[in-house]
2 protein chains.
Amino acid sequence: MTVSLQVLRSETPDVLTANCPTRVVLDHVTSKWGVLVLAALADGTLRWGELRREVDGISEKMLAVTLRTFESDGLVHREAYPEVPPRVEYSLTPLGLELCEAMSPLLTWVVANAEAVLAR
Amino acid sequence: MTVSLQVLRSETPDVLTANCPTRVVLDHVTSKWGVLVLAALADGTLRWGELRREVDGISEKMLAVTLRTFESDGLVHREAYPEVPPRVEYSLTPLGLELCEAMSPLLTWVVANAEAVLAR
DNA sequence: CTGAATCCCCGCGGATACTG
DNA sequence: CAGTATCCGCGGGGATTCAG
């Protein structure tokens, strides 16, 4: 494990400072359901109902709140079709896709090491 | 941006399932102060007071709670020296270091794109 | 089917005071 | 210096109802 931490070190002064804009974004992403909703959308476009079933355990309210936050952040795109019955599709914007790719190593690590961490 | 999302896709079924062990670990990491405390310790060993000042805005209670969680997770090592006045040092375990390295891309992205996200 | 709106509770997390 | 103990406000988040 000889990966350099230079990048991480150089950016920490920003992230660690209160009232820094990065705090807000980090709070959105690390909000209770933020990571999971983004991960679900990494699969591609999903409808409301699919998203609700995909992210196991999320309530309708929190799904709505989380989606609206990401939509106003420009991370998630919402496309409503004027049909009966209504159909609404959610997908990642290019920015959201970048974020998901940046999250990928973290998720990979968590999946790989969850057992090791909880074994204590 | 041609990074493959194969890994992310293949692991999402795990992360997205309620009562999955990965949920617990993910909750610890994405807890309000989790990422910031880990990022601070990526710089190396820190004393309690240094840590408190480094993670701007954290209360003593939440620092204690967060540290104890990570310590019992095996991500942070606590070393107390029987001196007067007392001195306690916190550092990442090898496992914690791995986690920080996995978090690095996310933090890098957040720092780089915070402005873009908040500009709306 | 896709939500918005409302009520309400519990527990996260902050502030303060105290101790070894 | 390095915490622990206690109180408590408030907002995250669940359940339910209603609407387009």
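Residues numbered from 1 in each chain as written. Chains lettered and ligands numbered in written order. Predicted model: local features only at pLDDT ≥ 70, side-chain atom pairs only at ≥ 80, totals over all residues. Heavy atoms only, no water.

## Re the nonpolar core
So, point 1. Ranked by size, the top nonpolar core spans 74 residues in total, and within it Val37 and Trp109 of chain A together with Val37 and Trp109 of chain B carry the most contacts.
So, point 2. Excluding anything up to four places from it in sequence, Val37 of chain B contacts Val55, Ile58, Leu63, Thr66, Leu67 and Phe70 of chain B. (Core = buried A, V, L, I, M, F, W, Y, C linked by side-chain atoms within 4.5 Å. Buried < 20%, exposed > 50% of the residue type's maximum accessible area, 1.4 Å probe, protein only. Contact = heavy atoms within 4.5 Å.)

## Some remarks on the protein's contact with DNA strand D
So, point 1. By nearness alone, 18 residues border DNA strand D, and Lys32, Ser59 and Lys61 of chain A together with Arg47 and Arg78 of chain B come closest of all.
So, point 2. For DNA strand D, a phosphate oxygen lies 2.8 Å from a polar atom in the side chain of Ser59 of chain A.
So, point 3. Looking at the surface near DNA strand D, the elements that each hand over two or more residues are helix H5 (60-73) of chain A together with helix H4 (48-54), helix H5 (60-72) and strand S3 (87-92) of chain B.
So, point 4. Considering each element in turn, the surface near DNA strand D owes the most residues, 4 residues, to H5 of chain B.
So, point 5. Across the surface near DNA strand D, the residue classes break down as 8 nonpolar, 2 polar and 8 charged. (Near = heavy atom within 4 Å. Polar contact = N/O pair within 3.5 Å; in protein donor to acceptor, adjacent residues only side chain to side chain. Helix = DSSP H or I, 4+ residues; strand = E, 2+ residues; numbered from the N terminus. Nonpolar A, V, L, I, M, F, W, Y, C, P; charged D, E, K, R; others polar.)

## Some points on the relation of the copies chain A and chain B
So, point 1. Least-squares fitting of chain A to chain B yields an RMSD of 0.1 Å, with the superposition described by an axial translation of 0.0 Å and a rotation of 180°. The superposition operator between the copies reduces to a two-fold rotation axis. In terms of C-alpha distance to the rotation axis, chain A has Thr30 of chain A as its closest residue, with the C-alpha 2.5 Å off the axis.
So, point 2. By residue overlap, the copies meet face to face through one surface: 100% of the interface positions of chain A are interface positions in chain B. (Least-squares fit on C-alpha atoms with pLDDT ≥ 70 in both.)

## Describing the packing of aromatic side chains
So, point 1. This model, assessed by the stated rule, comprises 0 aromatic pairs over all chains.
So, point 2. Positioned above the aromatic ring of Tyr81 of chain A is the side chain of Arg87 of chain A, whose terminal nitrogen or guanidinium carbon lies 3.9 Å from the ring centre. (Phe/Tyr/Trp six-rings, centres within 6.5 Å; stacked < 30°, edge-to-face > 60°. Lys NZ or Arg CZ within 6 Å of the ring centre and 35° of its normal.)

## Description of the protein's contact with DNA strand C
So, point 1. Among the 18 residues in the neighbourhood of DNA strand C, the closest are listed as Arg47, Arg78 and Tyr90 of chain A together with Lys61 and Met62 of chain B.
So, point 2. When atoms of DNA strand C within 4 Å of the protein are sorted by moiety, sugar and phosphate together comprise 64%.
So, point 3. Contacts to DNA strand C include Arg47 of chain A, whose side-chain N or O atom sits 3.0 Å from a phosphate oxygen.
So, point 4. In this structure, a base nitrogen belonging to DNA strand C sits 2.7 Å away from a side-chain N or O atom of Lys61 of chain B.
So, point 5. When residues of the surface near DNA strand C are traced back to their parent elements, those giving at least two are helix H4 (48-54), H5 and strand S3 (87-92) of chain A together with H5 of chain B.
So, point 6. Partitioned by chemical class, the residues of the surface near DNA strand C number 9 nonpolar, 2 polar and 7 charged.

## Side note on the sheet that holds strand S2 (residues 76-81) of chain A
Residue and element names in this part refer to chain A.
So, point 1. Strand order across the open sheet formed by 3 strands is S1-S3-S2, with antiparallel pairing between neighbours. What marks the edges here is a single partner per strand, and that holds for strand S1 (46-47) and S2.
So, point 2. Judged from the 2 bridges that link them, S1 and S3 form a sheet pairing that is antiparallel. Residue pairing for S3: Leu46 is matched across the bridge by Tyr90.
So, point 3. Docked against the sheet, helix H3 (residues 34-41) engages S1, S2 and S3, running at close to 100° with respect to S3. (Pairing = 2+ DSSP bridges. Axes fitted to C-alpha atoms, helices over the stretch in contact; angles between N-to-C directions.)

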